[in-house]
Amino acid sequence: MIQEKPVNNDLTSVKLREEYMKPKLISFKLCPFVKRAEIALRYKAIQYEIDYIDLANPPEWFMDISPFKKVPILLVGGHVIFESTVICEYLDDAYPNKLHPDDLILRAENRSWVEFGSACLWDSFYMTVKEEKDDFCRVREDLFIKLDQVERVISNGPFFNGNKFSFVDVGFAPLFQLLEYIGELNPIKITAKRHPKILEWKKQLLELKEVKDLYPPDFKELYFEQILKRQGYLSKSLDNRKYDSSIKKRIY
Ligand SMILES: N[C@@H](CCC(=O)N[C@@H](CS)C(=O)NCC(=O)O)C(=O)O
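Note that this is a predicted model, so its numbers are computed, not measured.

1. Quick notes on helix α7 (residues 167-182)
Between its first and last C-alpha atoms α7 spans 24 Å; for 16 residues at 1.5 Å apiece the expected length is 22 Å, and the two agree. Of all bends in α7, the biggest is about 30 degrees, found at A173, and the proline P174 comes one to four residues later. Of all 16 residues making up α7, 13 are buried, and the element is well covered by its neighbours.

This is the structure:
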């Protein structure tokens, strides 16, 4: 018979285990996918550490452990969890204050809309890199057509599913914040005419402490500097007294 190892439950070993399992998020300050993980961590009031890396010059240890060479990754007890949605799923499985609904069909449906949210986030990225006005406008319209579909399925608020904050809210909040900033450079605003429910939803999400705290006052300037580096059509709308348009083109 296999003897079970006795579990040492004294306070020191519980503390040690907690410390060992404390998640560490590897982040790049401007990444909207990282923000998803951070919103989930904050919503669940999880103690976590965060390490920032520079994606323009990623450290070797990061390139060694990140299979896609992308952030976010979450380090937990010697394990590497990657992809923002998977990280949020893990946090939802491991910690109380559930994001996912109990109902299996609703849960699967929510997962589908989180995926859709990722496609919307990619549109917001492409909007910052497209160089020609026509290409920029095409991506912008692609995004708005996606949002037409979200408008058709969203609840009457305040959140995607109704009263309960969920994974889909986590998935879309960073997109809405970036669209606010882009909207200062280009008329890309979500309007009451085309997307009345999304407009309300966006307002609710951007007012949440878990979201607001992630976008300190200097964040917009950093984001505009990133847009400038990308030298796309959108960067032409930046104030050229403040932003030097001769800067070398880079993604990060
Ligand atoms: N599907 C990934 C996307 C993450 C992603 O694209 N992260 C970007 C920063 S926002 C990145 O790390 N890019 C590095 C690179 O492409 O070299 C997720 O959901 O986590």
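Here the narrative resumes.
2. Topic: the domain arrangement of the chain
Each domain of the chain was delimited in the assignment, giving domain 1 (11-94) and domain 2 (104-212). On the domain 2 side, the residues contacting the ten residues of domain 1 number twelve residues. When contributions to the side of domain 1 that touches domain 2 are tallied by element, the ones reaching two or more residues are α2 (32-43) and α4 (84-94). Per element, the largest residue contribution to the side of domain 1 that touches domain 2 is seven residues, and it comes from α2. Residues belonging to the side of domain 1 that touches domain 2 are distributed by class as follows: five nonpolar, one polar and four charged.

3. Looking at the site of the ligand
The environment of the ligand is made up of F28, C31, F33, L55, K69, K70, V71, P72, E83, S84, T85 and S118. Residues that form the shell around the ligand fall into these classes: six nonpolar, three polar and three charged.

4. So, the packing of α7 against helix α8 (residues 196-207)
Packing of α7 against α8 leaves a shortest axis separation of 9 Å and a crossing angle of 95 degrees. The angle between α7 and α8 places the two elements in the roughly perpendicular class. Of the residues in α8, those touching α7 at D169, F172, A173, F176 and Q177 are K202, L205 and L206. Grouping the amino acids of the contact of α7 with α8 by side-chain chemistry returns five nonpolar, one polar and two charged.

5. Focus: helix α6 (residues 133-153)
Over its 21 residues, α6 runs 31 Å from end to end, which matches the ideal 30 Å to within 8%, given 1.5 Å per residue. Listed in full, the buried residues belonging to α6 are F136, V139, R140, L143 and L147. The buried side chains of α6 occupy one side of the element, clustering within an arc of 100 degrees when seen end-on. For α6, the exposed residues set more than 90 degrees away from the buried face come down to D134, E141, I145, D148, Q149 and R152. Each element contacted by the buried residues of α6 is listed here: α5 (104-129) and α8.

6. Quick look at the packing of α2 against α4
Packing of α2 against α4 leaves a shortest axis separation of 9 Å and a crossing angle of 10 degrees. As judged from the angle between their axes, α2 and α4 are roughly parallel. Between α2 and α4, the contacting residues are F33, R36, A37, A40 and L41 on the first element and S84, I87, C88 and L91 on the second. Here the contact of α2 with α4 is built from residues that sort into seven nonpolar, one polar and one charged.

Reading the values: the criteria
- Residues numbered from 1 in each chain as written.
- Predicted model: local features only at pLDDT ≥ 70, side-chain atom pairs only at ≥ 80, totals over all residues.
- Helix = DSSP H or I, 4+ residues; strand = E, 2+ residues; numbered from the N terminus.
- Expected span 1.5 Å × (residues − 1).
- Bend = angle between axes of the 7 residues up to and from the residue.
- Buried ≥ 20, exposed ≤ 12 C-beta atoms within 10 Å, placed from the backbone.
- Domains from an automatic or database assignment.
- Contact = placed C-beta atoms within 7 Å.
- Nonpolar A, V, L, I, M, F, W, Y, C, P; charged D, E, K, R; others polar.
- Near = placed C-beta within 6 Å.
- Axes fitted to C-alpha atoms, helices over the stretch in contact; angles between N-to-C directions.
- Parallel < 35°, antiparallel > 145°, perpendicular 65-115°, else oblique.
- Arc of directions from axis to C-beta.

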